[in-house]
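Coordinate inspection notes
Listed below, chain by chain, are the residues.
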Amino acid sequence: MYKYLNIKQTPKLSGSIEISGAKNAALPIIASTILAKNDVFLTNVPEVADVKTLLKLFSLLGAEYQFENNSLKINTAGINNTTAVYEIVKTMRASILVLGPLLSRFGECKVSLPGGCAIGARPVDLHLKALEAMGAEIKIEGGYIHATGKLSGADIIFDKITVTGTENIVMAAALAKGKTRIINAAKEPEVIQLCEILQNAGVEIEGIGTNEIIVHGSDGELLNFKEERIIPDRIEAGTYLAAGAITNSQITLKNVIPAHLESVLVKFSQMGFKLEATENEITIFPAQKILPTNISTTEFPGFPTDMQAQFMAIATQAEGVSIIEERLFENRFMHVPELNRLGANIKIQSKTATIQGPTPLVGADVMATDLRASSALVLAGLIAKGETNVHRIYHLFRGYEKLTEKFKALGAQVELKDEPLP
Ligand SMILES: CC(=O)N[C@H]1[C@@H](OP(=O)(O)OP(=O)(O)OC[C@H]2O[C@@H](n3ccc(=O)[nH]c3=O)[C@H](O)[C@@H]2O)O[C@H](CO)[C@@H](O)[C@@H]1O
Ligand SMILES: C=C(OP(=O)(O)O)C(=O)O
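Quick caveat: nothing in here was measured; it's all calculated off a predicted structure.

For the rest of this paragraph, the subject is the sheet that holds strand 19 (residues 320–325). Spatially, 18-19-21-20 is the arrangement adopted by the four strands of the open sheet, whose pairing is mixed. Among the strands making up the open sheet, the edge pair consists of strand 18 (294–296) and strand 20 (345–349). Each adjacent strand pair in this sheet contributes to an overall mean axis angle of 15 degrees, direction not counted. Both strand 20 and strand 21 (residues 352–357) contribute to a ladder of five bridges, which runs antiparallel. Opposite glutamine 349, over in strand 21, you have threonine 352 as the bridge partner. With respect to the sheet, helix 10 (residues 308–315) is in contact with strand 18, strand 19, strand 20 and strand 21, its orientation differing from that of strand 19 by roughly 170 degrees.

Following this line, the structure appears as structure tokens:
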């Protein structure tokens, strides 16, 4: 039975919540355990659908794990199958993250080619070209990437900055023979944590957190992982701050790293919200007047595309015209027609959305189309008059742990309900 999320208008939120571990850090780090020779212990692992999907894939490959209370113990010694099947990859594109480590450990693997998704075409050509430069032979057969060969270090120049592309090549390079130089590498905190964990496991890596990473490969020797704690989810944190902002309330988030949210915090303060941050907490305070904003999404440390939809929801309540440009994904405005159904006045021209605020919102039935688009609809539902029902919410559970519990803890009236049969 499918569920939908019923949200009743909530004039004010209050209180505090804990932010979970980052989905986009946990996924590559779990993938990297393919390179381990020992049991790996990870804590602060979010219990979200994407993590469970990756673990299901690991079971199919022959790995063993225990996952309880956000702690994961994983052993990949028993991997005896190197095919990531379509049935898994179609539900989660990030499955592509097993390509680099499987190939570097086993010299052969097959990974279903991820198709496009709701936010764009999202090719993986840059991952494949980089692996070819390291000596892999890549064939596309029956919808699968079939990669073979022993990897050697190489100079890789990414034509575009790619997060999972950088992660795949760092993992491939960790076991390759010789030195791999990745130029135009991604600098996201999740990429940094993956590099640091591999470094703690014995791989020499230079330039972590810069756009040129150098990995000295172990030439096939498996790694000795330490126990590691997944960093807090900066996008989950940004989403709850956006809930504070759209309801113009004071709320506090615990277990966050404010430095990972700098570009997002700057936009909140430009919109009139006061913020206070300590080492691992952030409090947002109401604005006297919500000001319009101009946002252009870009790679870290710029404004993240994964926060674009949430800011669009807030911009519907700003006094004036906001302009939001989406520069990373060509189809990441699927929330716009749904926000307009709630009463927003948003026009799209090519990569740019123009939001005329403030517009009163009125509850309606709306459809979630992808993870962050869904969260923008939940935010809008908090302030929409009456009740809003967000359908297809399985998207939300890909990336938000204990979503209803956390919103309820902040005083929101949200309920999961069973979809009535047609
Ligand atoms: C699991 C994970 O960490 N997902 C994040 C990751 O996705 P993901 O790693 O898939 O995103 P990329 O950084 O690779 O994509 C950036 C741009 O490069 C393009 N591209 C990428 C690879 C390639 O081989 N060819 C190519 O053309 C993409 O289509 C996109 O236009 O970074 C995105 C950008 O910050 C975030 O929105 C996602 O939440
Ligand atoms: C786009 C996202 O995830 P993915 O890359 O897994 O689709 C996201 O986390 O917002």
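Neighbouring ligand 2 are Asn24, Arg93, Ala94, Asp306, Leu371, Arg372 and Gly399. For the shell around ligand 2, the per-class residue count stands at two nonpolar, two polar and three charged.

With that settled, the discussion passes to the domain arrangement of the chain. Its domain assignment divides the chain into domain 1 (3–20 + 232–418) and domain 2 (23–229). For domain 1 versus domain 2, the distance between C-alpha centres works out to 30 Å. In this complex, domain 1 contributes 18 residues to the contact, which on the side of domain 2 involves 15 residues. By residue class, the composition of the side of domain 1 that touches domain 2 is five nonpolar, five polar and eight charged.

The subject of this paragraph is the pairing of strand 1 (residues 3–8). Direction of pairing for strand 1 relative to strand 24 (residues 413–418): antiparallel, over a ladder of six bridges. Its bridge partner being in strand 24, tyrosine 4 is matched across the sheet by lysine 417. Judged from the four bridges that link them, strand 1 and strand 23 (residues 387–391) form a sheet pairing that is antiparallel. Following the sheet pairing, leucine 5 is matched in strand 23 by valine 390.

Okay, the site of ligand 1 next. Taken together, 19 residues surround ligand 1, and among them Asn24, Leu126, Thr162, Val163 and Thr164 come closest. Mapped onto the shell around ligand 1, the elements with two or more residues apiece are helix 1 (23–32), helix 5 (125–133) and helix 6 (163–175). Partitioning the shell around ligand 1 into residue classes produces eight nonpolar, seven polar and four charged. Domain assignment of the residues forming the shell around ligand 1 places at least three in each of domain 1 (3–20 + 232–418) and domain 2 (23–229).

Cut-offs used in this document
- Residue positions are counted from 1 within each chain, in the order its sequence is given.
- Think of it this way: whatever chain is written first is A, whatever ligand is written first is 1, and the rest follow in order.
- In keeping with the model being predicted, local features are shown solely for residues with a pLDDT of at least 70 and side-chain atom pairs are shown and tallied solely at 80 or more, while totals for entire chains, interfaces and linings include all residues.
- Pairs of strands are assigned from DSSP output, requiring at least two bridges between the strands.
- For the purposes of this entry, the term helix denotes a DSSP run of H or I that reaches at least four residues, the term strand denotes a run of E that reaches at least two, and both are numbered from the N terminus.
- Interaxial angles span 0 to 180 degrees and are taken between N-to-C directions of axes, which are lines fitted to C-alpha atoms, for helices over the stretch in contact.
- Any residue pair is listed as a contact if its two C-beta atoms, each placed from the backbone, are within 7 Å.
- Residues are classed as near a molecule or strand if the C-beta position derived from their backbone is within 6 Å of it.
- Polarity classes work like this: nonpolar for Ala, Val, Leu, Ile, Met, Phe, Trp, Tyr, Cys and Pro, charged for Asp, Glu, Lys and Arg, and polar for all others, with Gly in that last group.
- Here the bounds of each domain stem from an automatic or database domain assignment.

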